[in-house]
Amino acid sequence: GDSVTQMEGPVTLSEEAFLTINCTYTATGYPSLFWYVQYPGEGLQLLLKATKADDKGSNKGFEATYRKETTSFHLEKGSVQVSDSAVYFCALSLSGNTPLVFGKGTRLSVIA
Amino acid sequence: DGGITQSPKYLFRKEGQNVTLSCEQNLNHDAMYWYRQDPGQGLRLIYYSQIVNDFQKGDIAEGYSVSREKKESFPLTVTSAQKNPTAFYLCASTPRQGGAYGYTFGSGTRLTVV
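So, a few notes on the structure that sits alongside this text. Quick caveat: nothing in here was measured; it's all calculated off a predicted structure.

### Some words on the sheet that holds strand E7 (residues 56–59) of chain A
All names here are of chain A. Across the sheet, four strands lie side by side as E3-E9-E8-E7; this open sheet has antiparallel pairing. Across the chains shown, the open sheet's two edge strands, defined by having one partner strand only, are strand E3 (19–21) and E7. Ignoring strand direction, the axes of neighbouring strands in this sheet form an average angle of 15°. As defined by bridge partners, strand E8 (residues 62–65) adjoins strand E9 (residues 75–77) across three bridges and the pair is classed as antiparallel. Paired with Phe-62 across the strands is Lys-77, a residue of E9.

### Points about the sheet that holds strand E1 (residues 4–7) of chain B
By definition, the strands of a sheet pair up through backbone hydrogen bonds, in either a parallel or an antiparallel sense. All names here are of chain B. Taking strand neighbours across the sheet as the criterion, the four strands line up as E1-E3-E8-E7 in an open arrangement whose pairing is antiparallel. Both outer strands of the open sheet, E1 and strand E7 (64–66), are each paired with one neighbouring strand and no more. The mean inter-strand angle of the sheet, taken between neighbouring strand axes irrespective of direction, is 20°. Where E1 lies against strand E3 (residues 19–25), four bridges are found, and the strand directions are antiparallel. Looking at E3, one finds that Thr-5 is bridged to Glu-24.

### Examining the state of the cysteines
Tallied over the full model, the rule gives two disulfides over all chains. The residue that forms a disulfide with Cys23(A) is Cys90(A), at a sulfur-sulfur distance of 2.0 Å. Handedness here is read from the sign of the S-S torsion; for Cys23(A) and Cys90(A), about -70°, the answer is left-handed. Pair noted here: Cys23(A) is in strand E4 (residues 23–26) and Cys90(A) is in strand E10 (residues 86–93), with a separation of 67 residues, a long-range link. A relative accessible area of 1% places Cys23(A) in the buried class. Across the disulfide, Cys23(B) is cross-linked to Cys91(B) (sulfur-sulfur distance 1.9 Å). Between Cys23(B) and Cys91(B) the disulfide shows an S-S torsion of about -75°. By sign, it is left-handed. With Cys23(B) in strand E3 and Cys91(B) in strand E9 (residues 87–94), this residue pair connects regions lying 68 residues apart in the sequence. A residue is classified by how much of its surface remains accessible, and Cys23(B), at 1% relative accessible area, is buried.

Conventions and cut-offs
Residues numbered from 1 in each chain as written. Chains lettered and ligands numbered in written order. Predicted model: local features only at pLDDT ≥ 70, side-chain atom pairs only at ≥ 80, totals over all residues. Heavy atoms only, no water. Pairing = 2+ DSSP bridges. Helix = DSSP H or I, 4+ residues; strand = E, 2+ residues; numbered from the N terminus. Axes fitted to C-alpha atoms, helices over the stretch in contact; angles between N-to-C directions. Disulfide = S-S within 2.5 Å. Buried < 20%, exposed > 50% of the residue type's maximum accessible area, 1.4 Å probe, protein only.

This is the structure:
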């Protein structure tokens, strides 16, 4: 079946460090890909998305490129801040009657 | 502003009680979803609905029930049959299921059994 695999956390970085959170997927079709962020005690917010191969989604300094050849959608940020501390979820959506498929989430802690 | 409202934010349930979590959206979205999140865990799908008066079971529907009588409302009842209901519950919606539509999430209800 369709699935999303994220790197296990927690990830702990110092402020201004480079961030990569790996995400790979398995899908029978051509999915749209998403990154969501969840701050403590809150719901999930859409961070960025890409709908076709080689598309790059970007928002708030975060980027992810849809790589069909490696079935990946890794999240990157050049310089993290303490305020980026949160849980990040990768997800995929296929056309048709199936809900979004989420990864298990990766907790990021940024220390000053 | 459009969005999803979940209430209450915190809910306490006694053993053997049924409780209902509210989810209302004013986004005119067709599809709505309920997820359960346990500490340090990902999201698990409980129920979803693509249209009024229709809904489907997700991965962990046992001990839960839903209704979809109005497009904007998708309440979740946690019944006494749910043996371990303490968790964070998230409601979400999307214009329609599938494709490039992402989900809009509510801010969640934290349910605790006392």
